[in-house]
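Observations on the model geometry
Listed below are the residues making up each chain.
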Amino acid sequence: MTPALDIGFAEVGAALGLVAVAVLVSLWQRMRLEGDIAVAVARSFVQLTAVGFVIQLVFEQDDLLLVVALIAGMAVFGAFTARRRAASVPVAFAPLLVALLLAGAATLGLLVALGVFSAEPRYLVPLGGMVVGNSMTAAAVALSRLGDEVTGSWREIEATLALGATAGQAIRPILRRSLRSGVIPLIDSTKTTGVIFFPGIMVGLLVAGAAPLDAVRLQLIILYMLLGSVTISSVTAVMLAQRSFFTPAHQLREVAARVAT
Amino acid sequence: MLFELERVRASRGGAEVLHDVSLALPEGSTCIAGSSGSGKSTLLRLLNRLAEPDSGRVAYRGRELASLEVLALRREVALVPQLPALLPGTIADNVGFGPGLVDRDVEVAVLLDLAGLPTAFAERDADRLSTGEQQRVMLARALALEPRVLLLDEPTSALDERTRDHVEETLKELRRRLGISLVLVTHDFAQAERLAERVVRLEGGRAIVADPGPERTSVSTPPAVR
C-alpha cells in the first residue's frame, strides 16, 4: 500500500506547539490544568502508538478472529473506563460491557451484511473502534444521568413503589430522561455536521486526497452507523443497569436513597 | 394482631437504627413517637416492605411479610411518606395512579373529599399546590388503593398549626368512617396523644414504653413491648 501521507515524528512534535500554548494559558490563568494536559498528551501518544502497532499486526495477519478479539478488548476497556463515570450506579460494568459488545456486533454485522463494507480488518478495526468509543461515551452519559436521577428522585420512586408499582414502573420516567441524555449529543452533532464542524473521517479523507463526494458518502455512512450504535448501547446499558437499583422485592436499594431514620 | 415485630434489627446508611425491637400493634390507631433519628421512619418502612430488617421477624395479620406478595401488600398497607412526592400531571392523575396499575378506576371527587380537599382540585396541576394541599393529595392517593391499613410518616410535620388540625381531624374521620387502621409516626408526643388509641415510644432505636392513649377501644390491648 502506498502511503497517502508522509508524516514523521517531527511533524507530530511540531503539533505540540499548540499544546504548549494551552499549558502557558493554564499557568497564566492558574487553571491548574497543565498536569492533566501533560497526562492527556502522554497517554494519547503511548496509547495511539501502541494501538497503531496492534492494528498493523492485525492488518498483516488478516484474521477475522483477531479483529473480534481486538474489538472485544476495546469493549472491555471502554466498559471499565465508563464505569468510573457512572459511580452512582450499583452495578455498571456488566451492563456497559454487554451494551458495547452488542452495539459493536449489531452495527458492524449490519454494515457487513448489507454489503456496505467487506469483512476485512482494514474496515472492521477502525469502524469497530469508532463504534465502541462513541457507544462508550453515550452509555456512560446515560448511566451517569440515571444514577443522578435516581439519587435525586428517590422520594418519588419510593412513593410510587409504596402505591404498589413495580420497580420497572417506578423508574420508567427516569429511564426516558437518561436515555435522551445519552443519545441527544450525537443527534445534535449530526444535525450540525457540515455546517458548524467537519467530522473527522471526512477531514481525514480530504486531507488524504479523496474526492469530496466520496468523503461525504463515507462520512454519512459512519454518522448513521454511529447514531444506531449509540442508541443501542444507551438503551442496553440503561435497561440492564436499572435493575441494580432495586432488590427483587421491589425495594429501592439504599445506595441511591438518603432517607430519614 | 395487625403487626408483630420480633427481635427486629434494621440499618439505615450503614448504621443500625433499630436494635432488637419486639412489638405488637393491634388493629386501631397506633402512634410511634420518637425524636429525630430514633428509627421510627425505618420501622414504618419495614411494615410494607419498602425496607428489609437485618434480622428478626415482621408479620402482618399472623403471616410473615416475606411470604406475602409484596405489591399486593403495599396496596393493602398503604404508606404516605413524610414529604409530598407527587407525579407530574394533574391531581386526578396522581390519585388514579395506584388503582390504574391494577386497571381499576377511581372516583377522584370522593377521594379528594375524604382527604379534605375541594373536588374542583381534580384537574389542577400537581406542582401548583401548597405543601398542605400536596400532603392531602398524598393521602387521597393512598386512600385510592382502598387500603386496610394506612402508614403515615409525620403527616403534619411540614404544615402550619391550622392545617395540621385539619389533617388530624381528617385522619380521625377516616378511622371512624372507613374503619382503616392507622400506624402513624410522629416526633410530636402531643399529637400522638391526640390521635392514637395507643402510643409506642421509640428512643434510640428501642421501643421502650407503650402508653394506652386517651381513646381506649375494645381492641386496645396494651402491645407487648420488649
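For clarity, every value in this text was computed on a predicted model and none was experimentally measured. (Residues numbered from 1 in each chain as written. Chains lettered and ligands numbered in written order. Predicted model: local features only at pLDDT ≥ 70, side-chain atom pairs only at ≥ 80, totals over all residues. Heavy atoms only, no water.)

Observations regarding the interface of chain A and chain B
When the parts of a complex come together, some accessible area is lost, and that lost area is often taken as the interface size. The condition that has to hold: Residue contacts are counted whenever heavy atoms from the two residues lie within 4.5 Å of one another. Buried area: the accessible surface (1.4 Å probe) lost by two parts on joining, summed over both. Salt bridges are defined as contacts in which a side-chain nitrogen from Lys or Arg sits within 4 Å of a carboxyl oxygen from Asp or Glu. Throughout this description, a polar contact denotes any pair of N or O atoms lying within 3.5 Å of each other; where both atoms belong to protein, one of them has to be capable of donating a hydrogen while the other can accept it, and for residues adjacent in sequence the pair is counted only when both atoms sit in side chains. Only DSSP runs of H or I with at least four residues qualify as helices, and only runs of E with at least two residues qualify as strands; both kinds are numbered from the N terminus onward. Residues are sorted three ways: Asp, Glu, Lys and Arg are charged, Ala, Val, Leu, Ile, Met, Phe, Trp, Tyr, Cys and Pro are nonpolar, and all the rest, Gly among them, are polar.
Each partner contributes residues to the interface: chain A has 20 residues there, and chain B has 35 residues. With both chains or domains summed, chain A and chain B bury close to 2200 Å², and 57% of this area falls on carbon and sulfur atoms. Between the two partners, chain A and chain B, sit 2 salt bridges. A salt bridge links B:Arg45 to A:Glu158; the shortest N-O distance between them is 2.5 Å. For the pair chain A and chain B, the interface holds 7 residue pairs in polar contact (both at pLDDT 80 or more). Sort the elements by how many residues they give to the side of chain A that touches chain B and helix α6 (residues 154-161) of chain A lands first, with 6 residues. Considering only residue class, the side of chain A that touches chain B consists of 9 nonpolar, 7 polar and 4 charged.

Quick look at the domain arrangement of chain A
Residue and element names in this part refer to chain A. Quick reminder of the rule: These domain limits were set by an automatic method or by a database of domain assignments.
Domain parsing of chain A yields domain 1 (1-61) and domain 2 (63-245). For domain 1 and domain 2, the distance between their C-alpha centres works out to 25 Å. Taken together, the contacts link 8 residues of domain 1 with 11 residues of domain 2. Interface of domain 1 and domain 2: buried area, both sides summed, is about 780 Å²; carbon and sulfur atoms make up 83% of it. Connecting domain 1 to domain 2 are 0 salt bridges. Taken together, domain 1 and domain 2 are joined by 1 residue pair in polar contact (both at pLDDT 80 or more). Of the residues that constitute the side of domain 1 that touches domain 2, the class distribution is 6 nonpolar, 1 polar and 1 charged.

Thoughts on the pattern of salt bridges
Residues and elements named next belong to chain B. Inclusion rule: The classification of residues rests on relative accessible area computed with a 1.4 Å probe and restricted to protein chains. Under 20% of the type maximum is buried, over 50% is exposed, and intermediate values are partly exposed.
The full count for this structure, using the stated rule, is 23 salt bridges over all chains. In this structure, the salt-bridge partner of glutamate 168 is arginine 164, at a minimum N-O distance of 3.9 Å. In this pair, glutamate 168 and arginine 164 are both assigned in helix α6 (residues 161-178), 4 residues apart and thus about one turn of the helix distant. Linking glutamate 168 and arginine 194 is a salt bridge whose minimum nitrogen-to-oxygen distance equals 2.7 Å. Remark: arginine 194 occurs in helix α7 (residues 189-195) and glutamate 168 occurs in helix α6; sequence separation between them is 26 residues. Overall, the relative accessible area of 28% leaves arginine 194 in the partly exposed class. One connected set of salt bridges, linked through shared partners, spans Arg164, Asp165, Glu168, Asp188 and Arg194.

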